[in-house]
Amino acid sequence: AGAVYERGAIKLLDDISRAYGERLGEVNRAAVDKVVSTVNRQLDFFGLKVARAHCPADGQFYYGIVNMRNDELAKKGTSLSEAQQAYFQRIKDHLIEKQKNQEGDSITWLEAENLRVELASHLKLSMDEADRTLETLVEQMWLHKGAPDGDEDDLVLGPRSILQLQYAAA
């Protein structure tokens, strides 16, 4: 769970095997699921869950920690400023809307940067701030750079966003 929390999400067997394989021997999906189940019983009190999702952008399965409560405390558990959070929400909403309208599932880096102008006046970001925020969102796996059917610089929802969206709807 520490590795998942530290990195935001980890690939199902690749990273788990690399991180723990020497100590655990052969890592298999059933063993991972058993550990996740045990961890989830402990996290339930905190409204958290370790969950698994498939990321279509790279074809990998990821585990990540999902916040099951959409409360004020959850909004404070991030390194992003209020403006950066609003910017990410705008990008996420835009990507979801494109998917619903069957207009694709990615946006260009420049298109994402330009969404910053749609924020409320007290939440404005400069182009440089937007660019750094996008880099952070990719690094933290909220967004994924490189769409399966697009350009390598296109952005799609990353594993953490996919996980959170799966459980927000539940």
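This structure is a prediction, so every number in the text was calculated from the model and none was measured. (Residues numbered from 1 in each chain as written. Predicted model: local features only at pLDDT ≥ 70, side-chain atom pairs only at ≥ 80, totals over all residues. Heavy atoms only, no water.)

### What to know about the pattern of salt bridges
Here comes step 1: Per the stated rule, a full pass over the model turns up 2 salt bridges.
Here comes step 2: Here Arg90 and Glu118 are joined by a salt bridge, their closest N and O atoms 2.5 Å apart. You can see Arg90 sitting in helix α5 (residues 82–100) and its partner Glu118 sitting in the loop between α6 (109–114) and α7 (127–139), a full 28 residues away along the chain.
Here comes step 3: By relative accessible area, which is 23% here, Arg90 ends up partly exposed.
Here comes step 4: For the salt bridge of Lys145 with Asp153, the shortest nitrogen-to-oxygen distance reads 3.6 Å. (Salt bridge = Lys/Arg side-chain N within 4 Å of Asp/Glu carboxyl O. Helix = DSSP H or I, 4+ residues; strand = E, 2+ residues; numbered from the N terminus. Buried < 20%, exposed > 50% of the residue type's maximum accessible area, 1.4 Å probe, protein only.)

### Thoughts on the packing of aromatic side chains
Here comes step 1: One pass over the full model with this rule turns up 2 aromatic pairs.
Here comes step 2: For the pair Phe45 and Phe46, a centre-to-centre distance of 5.2 Å together with 85° between the ring planes defines the contact as edge-to-face. Each member of the pair Phe45 and Phe46 is classed as exposed.
Here comes step 3: A cation over an aromatic ring shows up here: Lys145 above the ring of Trp109, its NZ or CZ 5.0 Å from the ring centre. (Phe/Tyr/Trp six-rings, centres within 6.5 Å; stacked < 30°, edge-to-face > 60°. Lys NZ or Arg CZ within 6 Å of the ring centre and 35° of its normal.)

### Side note on the nonpolar core
Here comes step 1: Within the largest apolar cluster, 31 residues are counted, with the highest numbers of intra-cluster contacts made by Tyr87, Ile91, Ile107, Ala112, Leu134, Leu143 and Leu155.
Here comes step 2: Taken together, the elements giving at least two residues each to this core come down to β2 (48–55), β3 (60–67), α5, α6, α7, β5 (155–157) and α8 (159–168).
Here comes step 3: With 5 residues, the top contributor of residues to this core is α5.
Here comes step 4: When sequence neighbours within four positions are dropped, the list of residues in contact with Tyr87 reads Ala112, Glu113, Leu115, Arg116, Leu119, Leu125, Ala130, Thr133 and Leu134.
Here comes step 5: Among the nonpolar cores identified, the runner-up in size contains 5 residues, and Val32, Val36, Leu43 and Val50 belong to it. (Core = buried A, V, L, I, M, F, W, Y, C linked by side-chain atoms within 4.5 Å. Contact = heavy atoms within 4.5 Å.)

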